[in-house]
Amino acid sequence: MNTAPAATHKRSHEDDMAQSTQAKKPRQGTSEFWADDGNVVLVVRNVWFRVHKSVLAYHSPVIADMFSLPQPADAATSAAPRDCSVVHLDDSPEDLRHFLCAILPRKKSNLVGSKDKPNFGTVSAYARLGHTYQIEHLVAQTVEFLKGFFTDDFDHWDEEHYVVPAGWVSDEVIGVVNMARLLGCHSVLPSALAICCVLVPDALLDGFEREDGSRETLEKSDLIRCLRGKETLAKESVSAVLRAFRHNPPNRRQCERQPCRPWLDVLNDAVSRFPDVFGGVHVLNDWVGSFDMVAGKKADKRLCKSCLSTLTARLRDEQRKIWNRLPELLDIQVDGWGQTGAIVELLDFDAVVEK
């Protein structure tokens, strides 16, 4: 008796049972976003997310349109729960998790504007997926966050003295430049590119590793811009510090002690001999604090309060001038840059009269 049909039927039944059992289980990494009553399965690089169509469609007209398009029949379609449609996305699972955290109702929803400081991966996912799926409120929050840190306001930057947001690594500023380009947020570019200019060449060329293991790098035009900007901003920094010393310290009535003139000469000479100390750091770094590296510990503390205050004000004014010229120095066009604050006019002090 021929038993082949029975064996075939047995194998088919076992396959159906295995497939049915498998469909009930979330794929790896999806337990956080596997709603038992969800009616759509999002498949991203073989990672599954079972969610609700209505919520996604409410936030994104692009995703709403995707639900009306026929999806190719494949293994994922046949293995999905019978009451679920299947939609394949080209994003990374990591990005989609951040995205779903923002738009799905959960106890711990993460928004860019929340008090919890978002990491780079979160902000980047909001920017790129918000842009891709036309979720305006997500893009708006991302732009607001970026503008808050990579500001066009010199006084705000000067008060904060930050380079990248807390918890980020400096290389991730490369991603900030890319986000600014993607979202058309041009006011973010000067300060972000200026930070890129102090990254080591290897970091500029190789970029950094994203959460999904891919590498994020600058576009070729911005890479060239930063490599050229390194030299340009370094020269500007050294010239600016030297200009701050070009004027003499306060006159005798303002200077509190006579040794200030010699110490100012020491600092001036140190800047001339060790220009890399100022040229190799961020153009808007705390220059007064850098004097220790070239003239000994607490070198600036050897100046009287009046002379130190005057020197600090002059250095800050030179930095403001560089700030106002950042788009020009970095070869980018940013309308309205440098109009948030007026340059402080400093007094032209007389020289200390030597005894």
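Reference entry: report on the structure contained in this document. Each chain carries its own residue numbering, running from 1 in the written order of its sequence. With the structure being a predicted model, the display of local features is reserved for residues of pLDDT at least 70 and the display and counting of side-chain atom pairs for 80 or more, all residues being used for whole-chain, interface and lining totals. Calculation of side-chain values draws on the structure's entire complement of heavy atoms; hydrogens and water are dropped beforehand.

The numbering of helices and of strands both runs from the N terminus, where a helix is a DSSP run of H or I of at least 4 residues and a strand a run of E of at least 2. Relative to the helices and strands, D90 resides in the loop between β3 (85-88) and α5 (93-103). You can call D90 exposed: its relative accessible area is 80%. Each residue gets one of three labels from its accessible area relative to the maximum for its type: buried under 20%, exposed over 50%, partly exposed in between, using a 1.4 Å probe on protein chains only.

Fitted lines through C-alpha atoms give the axes, limited to the stretch in contact for helices. The angle between two N-to-C directions lies from 0 to 180 degrees. For the pair helix α10 (residues 189-196) and helix α12 (residues 220-246), the least separation of the axes is 9 Å and the interaxial angle reads 75 degrees. For the element pair α10 / α12, the angle class is roughly perpendicular. Contact with α10, carried on its side by L193, A194 and C196, involves D222, R225, C226 and L233 of α12 and no other residues of that element. For the contact of α10 with α12, the per-class residue count stands at five nonpolar, no polar and two charged. Any angle between 65 and 115 degrees counts as roughly perpendicular, while under 35 counts as roughly parallel, over 145 as roughly antiparallel, and the rest as oblique. Between two residues, a contact is recorded if the distance between any of their heavy atoms is within 4.5 Å. Asp, Glu, Lys and Arg are counted as charged, while Ala, Val, Leu, Ile, Met, Phe, Trp, Tyr, Cys and Pro are counted as nonpolar; the rest, among them Gly, fall into the polar class.

Note that I224 resides in helix α12. In this structure I224 comes out as partly exposed when scored by relative accessible area, which is 33%. Separated by 19 residues in the primary sequence, I224 and L205 place their C-alpha atoms 9.8 Å from one another.

This part is about the packing of aromatic side chains. What counts as a ring pair is set by centres within 6.5 Å for rings of Phe, Tyr and Trp (its six-membered ring), and what kind of pair is set by the plane angle: stacked under 30 degrees, edge-to-face over 60, tilted for all other angles. Under the definition given, this model contains nine aromatic pairs. Measuring from centroid to centroid gives 6.1 Å for F145 and W168, while their planes differ by 35 degrees, and the two rings are tilted. Taken together, the positions of F145 in helix α7 (residues 136-149) and W168 in the loop between α8 (154-160) and α9 (173-183) put the pair 23 residues apart, joining distant regions of the chain. Each member of the pair, F145 together with W168, is buried. By the criterion adopted, a ring carries a charge over it if an Arg CZ or a Lys NZ lies within 6 Å of its centre and within 35 degrees of its normal. K53 extends its terminal NZ or CZ atom over the ring of F67, reaching a point 5.6 Å from the ring centre.

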